[in-house]
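# Architecture at a glance
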Amino acid sequence: MVVLRKAGVPLLSVLLAMLVGSIVIVATGKDPVVAFAALLQGAFGGWRQIGDTILRSTPLMFTGLAVAFGFRANLFNIGAEGQLFIGGLAAAILGVALGGLPWFVSVPAIIVLGALAGAAWAFIPALLKAKVGAHEVITTMMFSYIARYLVSYLVNGPLRGDTAIPQTALIPASATLPTFDKVFSFIGLEPSRAHFGFILAIGVAVVIWLIFKYTTLGYEVRAVGYNPLAAENAGISVSWTTVRALCISGALAGLAGVVEVMGVHHRLFDQFSSGFGFTGIAVALLAKNHPLAVIPAALLFGALSAGGPAMQLEADVPLKLISIIQALVIFFVAAETVITYFIRKRQKEAVTDAE
Amino acid sequence: MPVLELREITKKFPGVLANDRVSLSLDAGEILALLGENGAGKSTLMNCVYGLLAIDGGEILVDGALVRIKAPRDAIDLGIGMVHQHFMLVEPLTVTENIVLGREPARLGVIDFATAKARVRELSERYGLRIDPDARIMDLSVGMQQRVEILKALYQGARILILDEPSAVLTPQEVKELFSVIKSLTAEGLAVAFITHKLEEVVAVADRIIVMRDGRTVGETRPSETDEVGLARMMVGRDVVLSIQKDPPNPREPVLVVESLSVMGDRGLEALHGVSLTVRSGEIVGIAGVDGNGQRELVESVVGLRRPSSGRIELKGRDITHSSARESIAAGVSHVPEDRHRRGLVLEFDLAENLILGDHNAEPYTTRGIMHPVAIGETARKRIADYDVRTPSEHVLAGALSGGNQQKLVLARELGRDPELLVAAQPTRGLDVGAIEFVHRRIVAERDAGKAVLLVSMELEEIQSLSDRILVFYEGNIVAEFASGEVDDETLGYHMTGGGGAKLGEQPVAASARGEAGR
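In this section: the domain arrangement of chain A. Residues and elements named next belong to chain A. As far as domains go, chain A holds domain 1 (1-28 + 318-355) and domain 2 (46-317). Relative to domain 2, the C-alpha centre of domain 1 lies at a distance of 26 Å. Sorting the residues of the side of domain 1 that touches domain 2 by element identifies helix H1 (2-27) and helix H14 (320-353) as the ones contributing at least two each. Among the elements that line the side of domain 1 that touches domain 2, the one with the most residues is H14, at 8 residues. Grouping the amino acids of the side of domain 1 that touches domain 2 by side-chain chemistry returns 12 nonpolar, 1 polar and no charged.

What follows is the structure, encoded as C-alpha cells:
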C-alpha cells in the first residue's frame, strides 16, 4: 500500500535512531535492553502511562500541524513556541473573563479566540514576508522571544493571581477541558491528566487534511509552496496565500497553548511549555508534513517524553538520552531527504542528458 | 584512420536505454552532425565521450587506440573538448581567466597572466575567433561567450571538438559566424562533431550526418544525398510536415489593442518604449526578436503579471491595462509561458491539478471553496485525450512527463479555457519535430476558429511559418513590420539586431519600404 511505502522511511529513521541510541547507552556502560524496556513500560505500560503519553502528545500534535502547514507553503514557522505562548495567554485571560458563561459557550469561544490570538501573533511576520520578503525564520523567532517575555512580565505582574507564585488566576471549571477519566468515570478509567484536547487535536488534524485534499485554500497553499511563479501565472495571489498560510500555522500553534492551559494547568505560568514549539518541528519533519501522519509522530515524541523518567529510574540512563534520540530521529529523517535529493538529481541529469 | 571511433556504445539509465550499441567514427578535418529529436540519445552519447557519463558497454578509440574515459579530465588529456548548451563560465571573471581556469600558467603559485593572455591572443588569431582577452564574461553577448568556451577547449589542446546544440542560443547572424568558425577549425585539422535537431543547419554546414532515434543510429548520409524532408523522416520515423499549410487569414475585429505601452524592466530601465500594436480575431501576430528586447515585458503586461508604467491595453474594448493575472484570465486571456517548468506547471502537482490552474476556484471545479475531484478528473481526462498527452493516467505527476507532453498539457489547459486571446511565448522551445508539428497545428486551429493569437518566438522558422503578420522588436521598440511571406530570414535577422536603423520615435520600416531600407 502507498501509505506503508511512504511511511517506510520515517519508520526506518526511528528504528535507526533507536539503534544508535542503544549504542550511546552501551557507551555509557548501561544496558540498552533494560533502558528501552523501561521506556516502553513508562509510555504504554498501563492506562495511567498511556494517559501520560496522550497528555504529552497533545500539544505536539498542534505544533506539529502548525509547522507542517507552514512547510506546505514553503514557510518555516520556527516561532510556533511564541504563538503557543500567546494562545495560552489568551486562554488564561479569557478563561477568567468568560468564566461565568456555561461551558458549551465558553469552551468553544476560548478555543476559537485563542487560535485567533496565535494567528494574530503570526500576522506581522506573515505580512513582512509577503510584502518585503523578510524571512519568516527570523521574524517569527523574534516574535517568539517577545511572546515569552511578555508572558513572563504579565505572569509576574499585572496578571498575577492571588498568591506570590508567578502564575495567573485559576480559570473556572466551566472554561476548562475535562480529563478523560472524569468524563468516562462510569468506565472507571485510572485518573490521569490526559484531556479532551487530544480529541480536539485529532479533529483538527483531520480538518487540515481535508483542507489540503478538497479545498481551494489547500490547493493554493500547495501551489504557492511548490512553485510560486506558476501559481502567480494562474492568478493566485502569492502574498495573500503566504499571509493566510502563516496565520493558520500561528493559529494551530496557538491552539497548543490553549489546550495546555485549558486542559492541563488551568492557569498560565512561565514554564508551561517545555519547548513544544520546537519539538513540533521534529514532529512535522517525521510526519513529512502530512496532517494525519502528525498524529502518530506526535504520539511517538509524547511516548519518548512519558517513558523517559521511567528509563532514568529503572535503567539509570540520564533523561537527556531522550533528547539524543529525538535529535537522531530528526537527523535520519533529514538524511533521507538529502539522499532522495541526490537520487532525484542523478535521475534528472539522466533524463536531461537523454534529451 | 579516424581520430575518434565509437564501437557499440551502450548506456543505460533506470528504465531507459539511452544508447543502444551506437557506432560511429569521426575523421580529422571533418564536420559531423549528430541529428535527432529530443530523447534520441545524442547528448548522452557525447557526454559519455567527454567523460561526464560512464558507458555500460562498447569501446572508445582515439587515434586507433582503445581508451577509458572516466572523467572529463581524461577526455581533455586525450584532446577531446566539449562546449555544452549551458555554458560553464564564471561571469565576473575575464575571458583570459575563464580560458585558463584549471590550467593556469604559474610560477611558484603565482599566476602568470601575461603568458596566459599571450596564449589566448595567439589561439584567437590562429582560429579567427576574435575576442577581447580582458572583457568580463558578464559583459559579453551569448555568441561571444560561446566563443570563449570554444577557445577554452582549444587552449586545453582539443583536437576533437564536440558542440552540443550550439545554435540554440544564437541569432541568425551569430549562427553564420559560428559556422565559419567551425569551418576554419576543421581547415586547421580539427575534427568537429555537433549535436543538433535543426535540419537547416545540418544541411548548411555538415560534411556528414548521422541520424539517431530512440538511442540507435538509424542512418548516415551527406547533405548532397538528402534534403530536409528526408532527414525529418529519418529523425521521426514518419513523414513530418515541416511547414504548416494554412489557409489565408481572415482577420476580423480587433481583439487586443495595445497603445503607447511603456513598461519598466527588472533592472530599473525602461524595457518597452511606447509600443502600439493590434491583434485581430482570426489572426496570428508574430513577434520576432532576440531575447531581451522587450518581448517578455510585453507578454507579462498583457497577461497581468507586470504593471505598465504608461499606456493602455484593451481586450475587446475592455481596459485590462492594470488587470491582475486572475482578472486577465477571467477576461479571456490565455498564456502559454516561455518556461513551462517555471511559470507553466507545478511539477509536483498531478496532471489533473495542473489542468485546472487558473480556473481552480470557479465552477464546475469548485463550489465556494470546496473542490469537486470528480468534475476535475472528468475534464482532465477529456483534455488529456484531446491534446494527445501521453500518460497512463491523470494522476501522474507533471514532472514525470516528457517536455513535449508537458507543453501539450499547458496548451490543453490554456486553450481548453476557450480564450479570446492566446499569448504564446516560445511555445515549442525544447520540443522535438513531432511535438512542434502538433503545437503549430493547434495554434493555427485556434486562429482558424476566430481567436486572436500573439506569438513571441526566437525561432525564425516558427515565426515565418505561423504568423500572418510579423513585428520585429529591437530594444523595446517595434522596428519593422511585415506581412507573412514577404520577408526572408536574413532581413528579419538584420532588423532583429538593429540593422534597420530605426531609432526611438522613428516610424517602423513598413513592408513596402523594406526593399530599400533592408539592403
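Now that the structure is up, let's keep going.
Residue and element names in this part refer to chain B. The buried fraction of strand E23 (residues 469-474) is high, at 6 of 6 residues. Alternating positions in E23 separate into two faces, Arg 469, Leu 471 and Phe 473 on one and Ile 470, Val 472 and Tyr 474 on the other, with burial throughout. Here E23 runs beside strand E24 (residues 477-483); their pairing, made up of 6 bridges, is antiparallel. The partner of Leu 471 across the bridge, within E24, is Glu 481. Between E23 and E24, which follow one another and run antiparallel, lie 2 residues, and Glu 475 among them has a positive phi close to 50°.

Take the confidence of the model for chain B next. Per-chain confidence: chain B averages 87 in pLDDT, with 95% of residues scoring 70 or above. Scored by ipTM, the complex comes to 0.84, with pTM at 0.77.

Another aspect to go through is the interface of chain A and chain B. At the junction of the two partners, chain A supplies 19 residues and chain B supplies 33 residues. Where the side of chain A that touches chain B is concerned, the elements lending two or more residues are helix H9 (216-226), helix H10 (228-233) and H14 of chain A. In terms of residues, the side of chain A that touches chain B owes the most to one element, H9 of chain A, which gives 5 residues.

The next thing to look at is the domain arrangement of chain B. Residues and elements named next belong to chain B. Assigned domains of chain B: these are domain 1 (4-236) and domain 2 (254-332 + 419-517). Between domain 1 and domain 2, the C-alpha centre-to-centre distance is 34 Å. At the interface, 9 residues of domain 1 touch 11 residues of domain 2. Secondary-structure elements contributing two or more residues to the side of domain 1 that touches domain 2 are helix H6 (172-187) and helix H8 (228-236). Here the side of domain 1 that touches domain 2 gets 3 residues from one element, more than from any other, and that element is H8. Grouping the constituent residues of the side of domain 1 that touches domain 2 by class yields 4 nonpolar, 4 polar and 1 charged.

To continue, consider unusual backbone geometry. Of the consecutive residues Glu 363 of chain B and Pro 364 of chain B, the connecting peptide bond is found in the cis state with omega at -5°. Topologically, Pro 364 of chain B is positioned in the loop between helix H12 (351-355) and strand E19 (366-367). We note that Asn 74 of chain A has phi near 65°; this positive angle belongs to a residue other than glycine. With respect to the helices and strands, the residue Asn 74 of chain A is situated in the loop between helix H3 (47-72) and helix H4 (80-97).

How each quantity is defined
Per chain, residues are indexed from 1 in the order of the written sequence. Chains and ligands are labelled by the order in which they are written, letters from A for the one and numbers from 1 for the other. A pLDDT threshold of at least 70 governs which residues receive local features in this predicted model, and a stricter bar of 80 or more applies before side-chain atom pairs are shown or counted, although totals over entire chains, interfaces and linings include all residues. Boundaries between domains were set according to an automatic or database domain assignment. For helices the rule is a DSSP run of H or I covering at least 4 residues; for strands it is a run of E covering at least 2, with both sets numbered from the N terminus onward. Charged residues are taken to be Asp, Glu, Lys and Arg, nonpolar residues to be Ala, Val, Leu, Ile, Met, Phe, Trp, Tyr, Cys and Pro, and polar residues to be all remaining types, Gly included. Burial in this document is a count-based property: other C-beta atoms within 10 Å of a residue's C-beta are tallied, and the residue is buried at 20 or more, exposed at 12 or fewer, or partly exposed in between, with C-beta positions derived from the backbone. At least two DSSP bridges between two strands are required for those strands to pair. As a per-residue quantity, pLDDT reports the predictor's confidence and falls between 0 and 100. Residues are treated as contacting if the C-beta atoms built from their backbones sit within 7 Å of each other.

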